[in-house]
Amino acid sequence: LAFAASQLVYGSASDRYGRRPVLIAGLLTFIAGGALSLFAQSAEMLILGRIVQGIGGGAGPAIGRAMVLDVFGRQRAARVMAYMTIATPLAPAIAPIIGGVLQDAFDWRAVFVVLIAIGVFLLVAYRLLLPETNVRRDAGALGATQISKNYRALFSNRSFLAYSLVIGLMFSGQLVFISGSSFVLIDELGLSARAFGFSFGFVAIGIMGGAWLSSRLIDRWQDTRVVLLGAVVATTASAIMAALAWSDVASPWAVLLPMFFTSAGTGIARPPAMAGALIPFQHMAGLASAALGFAQMIFATTYNIAFSSLVAVDQVALASGVAAAAFASLLLLLILRPPPAQAETERS
């Protein structure tokens, strides 16, 4: 919640004051949260430190997407976001491995030493290397009237509404897999802890491969076609996973192989969906990026909490939860039928 909600503050603030100072403020907050966690003497203090880290960490995605629009505009934004999508899955793929090594070699505090060091490195690098990209600052961006007007414009826009829901639903399926796969793959299907770690990397490669394909298709196809292709791939693969589970095919590969292609579909759809949602709002890119990130996180978290509270996690439930999210994303895309970004930009 801290990570998601903080993006809303950073987005509007970066429209008002510029991307660079707000991003630096987020990094300073992230470092402070790491220090609180490092020296925590109780669980409550550790949780507080993590909340502060979440507040600081929200600056990265909110402002990063806005900077892409600042620098690359409509023509190249989707391709650059595809490159970002290729890189992003590396974090959840390698972070547990690095964390485990640090835990074994030292103790849990070593994790926060590394996080603080990363924050300090990025802070120094950004101060030395990162120019300001927001050349159209809005002096009224933090005013209540302007914020209200901007949010009405966002959520009355068919492209933003459609693509934010599609991204949120696709991420919901990914989050169901992330939170429930250990119970299925290790406890139910007998995968070793080490093999389970590599299975996360395998699924992450699916997202990266899909994003790479998306970067190739974006220049040739309209963004709406690329998003639709990704939704169809994700829905088909997750439906196969659900069919195998309901048919009692109890194998790790019956989960991992379809999930690989489900993730690939997400990787295909995500970059043009992000670009399609944000391109009509280049004049308030920070707020639009923040609202998109917040909506995705809250939607996916709510879906995952509801899923976990309603069903006991097993292979059938996991596959069904992922498939339901993918099917809903495809259905919404077909119902809302967002126009191509070019048409949205011309109307704006």
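Residues numbered from 1 in each chain as written. Predicted model: local features only at pLDDT ≥ 70, side-chain atom pairs only at ≥ 80, totals over all residues. Heavy atoms only, no water.

### Focus on the overall build of the protein
Within the protein one finds 14 helices and zero strands. The order of helices and strands in the protein, counted from the N terminus, is α-α-α-α-α-α-α-α-α-α-α-α-α-α. Computed over C-alpha atoms, the radius of gyration of the protein comes to 20 Å, within 12% of the 20 Å expected from 2.2 N^0.38 for 348 residues, which places it in the range of a compact globule. Counting only C-alpha atoms and orienting by the principal axes, one finds that the protein spans roughly 60 × 50 × 35 Å. Pairs at least 24 residues apart make up 84% of the contacts formed inside the protein by residues separated by at least 6 positions. Distance between charge centroids for the protein: 12 Å, based on 22 positive and 15 negative side chains. (Helix = DSSP H or I, 4+ residues; strand = E, 2+ residues; numbered from the N terminus. Rg over C-alpha atoms; globule rule 2.2 N^0.38 Å. Contact = heavy atoms within 4.5 Å. Lys, Arg positive; Asp, Glu negative; His and termini not counted. Charge placed at Lys NZ, Arg CZ, Asp CG, Glu CD.)

### Some thoughts on empty space enclosed by the protein
Applying the stated criterion across every chain, the model contains one cavity of 30 Å³ or more. In this structure, the largest cavity spans a volume of roughly 40 Å³. Lining the largest cavity, in full, are Leu169, Met170, Gly173, Gln174, Ala234, Thr262, Thr266, Val322 and Ala326. No other element matches the four residues that helix H8 (residues 158-188) contributes to the lining of the largest cavity. Grouping the amino acids of the lining of the largest cavity by side-chain chemistry returns five nonpolar, four polar and no charged. (1 Å grid on protein atoms, 1.4 Å probe; cavity = no way out; pocket = protein on both sides within 12 Å on 5 of 7 lines; lining within 4 Å. Points joined across faces, edges and corners; volume = space filled by probe spheres on them. Nonpolar A, V, L, I, M, F, W, Y, C, P; charged D, E, K, R; others polar.)

### Considerations on the packing of aromatic side chains
Two aromatic rings, taken as a pair, are described by how far apart their centres are and by the angle between their planes. Tallied over the entire structure, the rule returns seven aromatic pairs. Between the aromatic rings of Phe155 and Phe160, the centroid separation amounts to 5.4 Å while the plane-to-plane angle is 85 degrees, which identifies the pairing as edge-to-face. Given the relative accessible area of 0%, Phe160 is considered buried. Aromatic ring contacts, followed pair by pair, group Tyr151, Phe155, Phe160 and Phe281 into a single cluster. (Phe/Tyr/Trp six-rings, centres within 6.5 Å; stacked < 30°, edge-to-face > 60°. Buried < 20%, exposed > 50% of the residue type's maximum accessible area, 1.4 Å probe, protein only.)

### A closer look at the side chain of Ser164
Relative to the helices and strands, Ser164 is located in helix H8. A polar side-chain atom of Ser164 sits 2.7 Å from the main-chain carbonyl oxygen of Phe160. (Polar contact = N/O pair within 3.5 Å; in protein donor to acceptor, adjacent residues only side chain to side chain.)

### Regarding the environment of Phe121
Secondary-structure assignment places Phe121 in helix H6 (residues 109-129). The exposure class of Phe121 is exposed, given its relative accessible area of 58%. In this structure, the C-alpha to C-alpha distance between Phe121 and Met259, residues 138 residues apart in sequence, is 35 Å.

### Overview of the side chain of Gln7
Mapping Gln7 onto the fold places it in helix H1 (residues 2-17). Since its relative accessible area comes to 2%, Gln7 is described here as buried. Setting aside its immediate chain neighbours within four residues, Gln7 contacts Gly58, Pro61, Ala62, Arg65, Ser289, Ala290, Gly293, Phe294 and Met297.

### Some details on the packing of H1 against helix H3 (residues 43-57)
Close contact between H1 and H3 brings their axes to 7 Å; oriented N to C, the two are set at 40 degrees. With respect to their mutual orientation, H1 and H3 come out oblique. As for how H1 packs across H3, the hand of that crossing is right-handed. Between H1 and H3, the contacting residues are Ala2, Phe3, Ser6 and Tyr10 on the first element and Ile51, Gly54, Ile55, Gly56 and Gly57 on the second. Of the residues belonging to the contact of H1 with H3, the class tally is five nonpolar, four polar and no charged. (Axes fitted to C-alpha atoms, helices over the stretch in contact; angles between N-to-C directions. Parallel < 35°, antiparallel > 145°, perpendicular 65-115°, else oblique. Left-handed = near helix turned anticlockwise from the far one by under 90°.)

### Overview of the environment of Leu38
Tracing the backbone shows Leu38 in helix H2 (residues 19-38). Using a relative accessible area of 14% as the deciding quantity, one classes Leu38 as buried. Along the backbone, Leu38 and Arg50 are 12 residues apart, and their C-alpha atoms lie at a distance of 10.0 Å. Setting aside chain neighbours within four positions, we find Leu38 in contact with Trp108, Arg109, Phe112, Val113 and Ile116.

### What to know about H2
Note that an α-helix has 3.6 residues per turn; residues three or four places apart therefore point the same way. Helix length check: H2, at 20 residues, gives a terminal C-alpha distance of 29 Å against a target of 28 Å (1.5 Å per residue), a fit within 8%. Every buried residue of H2 is listed here: Arg19, Val22, Leu23, Ile24, Gly26, Leu27, Phe30, Ile31, Gly33, Gly34, Ser37 and Leu38. (Expected span 1.5 Å × (residues − 1).)

### Some details on the pattern of salt bridges
All told, the structure shown has three salt bridges when counted by the stated rule. Asp15 is paired through a salt bridge with Arg19; the nearest N and O atoms lie 2.9 Å apart. Here Asp15 and Arg19 have matching classes, each one buried. Asp70 is the salt-bridge partner of Arg19, the closest N and O atoms lying 2.6 Å from each other. Within this pair, whereas Arg19 is found in helix H2, its partner Asp70 is found in helix H4 (residues 59-87), the two being separated by 51 residues in sequence. (Salt bridge = Lys/Arg side-chain N within 4 Å of Asp/Glu carboxyl O.)

### Some thoughts on unusual backbone geometry
You will see that Asp248, though not glycine, has its phi angle at about 65 degrees, which is positive. In this structure, Asp248 sits in the loop between helix H10 (223-246) and helix H11 (252-278). Given the relative accessible area of 68%, Asp248 is considered exposed. Here Arg337, not a glycine, exhibits a phi torsion of approximately 40 degrees, which is positive.

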